[in-house]
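Analysis of the macromolecular model
The chain contents come next:
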Amino acid sequence: MLLKINLILFALCASSTLAAPLRRSPAAAAKLQAEMAREARYYTLESFPIPGDLKLEVSGMATLPDGSLALAIRKGEIWILDHPGQRDPSLENTRFQRFASGLHEPLGLAWHKGALYTTQRSEVTRLRDNDADGVADEYETIASGWEVSGNYHEYAFGPVFDPGGTMWITLNATIGKPPRGNGFDNRTHLPWRGWSMRQQPGQPLQPVSAGLRSPSGLGINHLGDVFATDQQGNWFGTNPLVHLKPGVFHGHADALPDTRRPDSPVKHPGPLPHGLTTAEAMKKIPGYTPPAVWFPYNKVGASPCGFSCNLTGGKFGPFENQLFVGEFTYAFLSRVFLEKVDGEYQGACFRFRSGMKSAVFRTHFLPDGSLMLGETNRGWNSLGTRSFALQRLRWTGRLPFEMKTIEARPDGFLIRFTRRIDTGTATPRMIRMKSYTYRY
């Protein structure tokens with residue numbers, strides 16, 4: 001017997017064309033169906049019916065105090081789904097109600113101190129329903145100031161609130177030239193693009209870390225630290241998961257002009273070198289901090305997006321405190337284990353569950369321990385049979401045989417599994433390993 005394990009360790013170290021969902025070959029489709037059947041023994045995948053006139057391209061999710069689920073959609077609305085934890089959902093027992101409209105591509109959603117918060121292109125907005133009629137009647141700007149030019153890629157993500165009540169957002173780099181138009185001065189740089197930002201209670205919005213590219217996923221781990229997923233491209237050899245903390249440079253050059261500003265917490269590192277590996281760049285670029293995890297391109301996705309930390313107390317299986325990350329291009333879910341060593345995060349990532357209907361853009365754990373998946377291909381390429389979907393993943397109670405954690409040790413790596421191994425049959429010599437070194 002050969003115990004074949006693809007071990008992915010990270011210790012120190014998208015096309016904009018409108019398109020239909022990607023199609024699998026018949027052989028690949030058959031293989032996926034067999035894989036999904038095996039996975040369904042441990043985690044069932046249920047789909048919510050969506051009214052025909054509602055294009056539910058989910059871009060944010062938040063549980064409300066009454067147990068209903070708020071859903072932001074990228075075309076500028078927020079809807080409320082009642083009873084998201086119900087079994088076998090159908091149109092007859094599922095109700096969607098529009099709560100807010102007129103927003104500019106909200107790409108995140110949070111419930112905090114009695115109100116919903118969402119990040120639009122140009123601001124963070126707080127929404128309240130003061131007369132309790134189920135529709136927002138107050139839209140209040142909570143944070144702004146990063147400016148927009150109209151560039152296609154000037155996304156803004158979030159917010160999330162850490163345990164101390166600090167609000168965090170991330171801003172996409174302005175990729176490409178800004179558009180020209182009447183009244184626009186054709187500036188080539190807008191403030192704080194490619195940065196993470198935070199607003200502490202009672203304080204203005206402040207820059208935190210620089211050098212992000214397209215940090216679509218934003219979330220918090222079980223220790224209250226804030227992370228973001230980013231996208232492969234300029235300055236990123238593959239997709240990273242980065243720890244957001246003050247003064248850090250994540251690597252992308254487009255954010256560097258803002259380090260000259262007096263309120264920048266990041267020092268300009270000087271000219272960036274070329275032709276180095278990430279490990280070499282760590283030694284030569286002041287302030288450069290590599291990701292906690294690299295997602296090997298294609299093998300563990302091509303475009304990681306929203307993620308959620310499993311704090312369900314065992315309701316979602318044996319992976320407590322781990323991150324579950326939506327994958328856009330290949331429409332699946334991956335899993336990340338993190339460990340903190342001498343104040344720095346490192347970890348490992350694993351493919352988890354395949355075969356979602358569309359790109360998994362947002363994830364959100366419900367109080368019952370199930371995981372909601374907000375899906376939309378946004379007109380880009382993504383595997384799946386739909387342009388958008390809302391699905392739920394639920395643990396059946398059966399324990400899968402998986403690598404649970406991988407830890408770096410001075411003499412090698414310690415792998416823990418979810419179930420006991422027959423040491424008379426499986427030995428370390430039967431484990432195959434590969435390593436990857438990415439160029440900076």
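Refer to the structure presented above.
Okay, so let's go over this structure.

Reading guide: rules and limits
- Residues numbered from 1 in each chain as written.
- Predicted model: local features only at pLDDT ≥ 70, side-chain atom pairs only at ≥ 80, totals over all residues.
- Heavy atoms only, no water.
- Helix = DSSP H or I, 4+ residues; strand = E, 2+ residues; numbered from the N terminus.
- Rg over C-alpha atoms; globule rule 2.2 N^0.38 Å.
- Buried < 20%, exposed > 50% of the residue type's maximum accessible area, 1.4 Å probe, protein only.
- Areas by Shrake-Rupley, 256 points an atom, 1.4 Å probe, with all protein chains shown as cover.
- Lys, Arg positive; Asp, Glu negative; His and termini not counted.
- Charge placed at Lys NZ, Arg CZ, Asp CG, Glu CD.
- Salt bridge = Lys/Arg side-chain N within 4 Å of Asp/Glu carboxyl O.
- Contact = heavy atoms within 4.5 Å.

Notes on the overall build of the protein chain
Within the protein chain, the secondary structure is distributed over two helices and 27 strands. Whereas a compact globule of 440 residues would reach a radius of gyration of roughly 22 Å, the protein chain reaches 22 Å, a difference of no more than 12%. Taken along the three principal axes of its C-alpha coordinates, the protein chain extends 70 × 60 × 45 Å. In the protein chain, which comprises 440 residues, the share counted as buried stands at 55%. Approximately 19800 Å² of the protein chain is accessible, and the part contributed by carbon and sulfur atoms is 50%. A distance of 9 Å separates the average location of the 50 positive side-chain charges in the protein chain from that of its 39 negative side-chain charges.

A short note on the pattern of salt bridges
By the definition in use, this model includes 17 salt bridges. Of the charged contacts, one joins Arg74 and Glu57 as a salt bridge, the two residues approaching to 3.1 Å between their closest N and O atoms. Of the two residues, Arg74 sits in the loop between strand E4 (69-73) and strand E5 (77-81) while Glu57 sits in the loop between strand E2 (43-47) and strand E3 (58-63), which places them 17 residues apart along the sequence. The residue Arg378 makes a salt bridge to Glu105 at a minimum N-O spacing of 2.7 Å. Highlighted residues: Arg378 in the loop between strand E24 (371-376) and strand E25 (388-395) and Glu105 in the loop between strand E6 (96-100) and strand E7 (110-112), separated in sequence by 273 residues. Across the pair, exposure class does not vary: Arg378 and Glu105 are buried alike. Through salt bridges with shared partners, one network takes in Glu46, Asp368, Arg392 and Arg394.

Looking at the environment of Gln232
Along the chain, the position of Gln232 falls in the loop between strand E16 (226-229) and strand E17 (239-243). Not counting chain neighbours up to four residues away, the residues in contact with Gln232 comprise Arg213, Gly237, Thr238, Asn239 and Tyr297.

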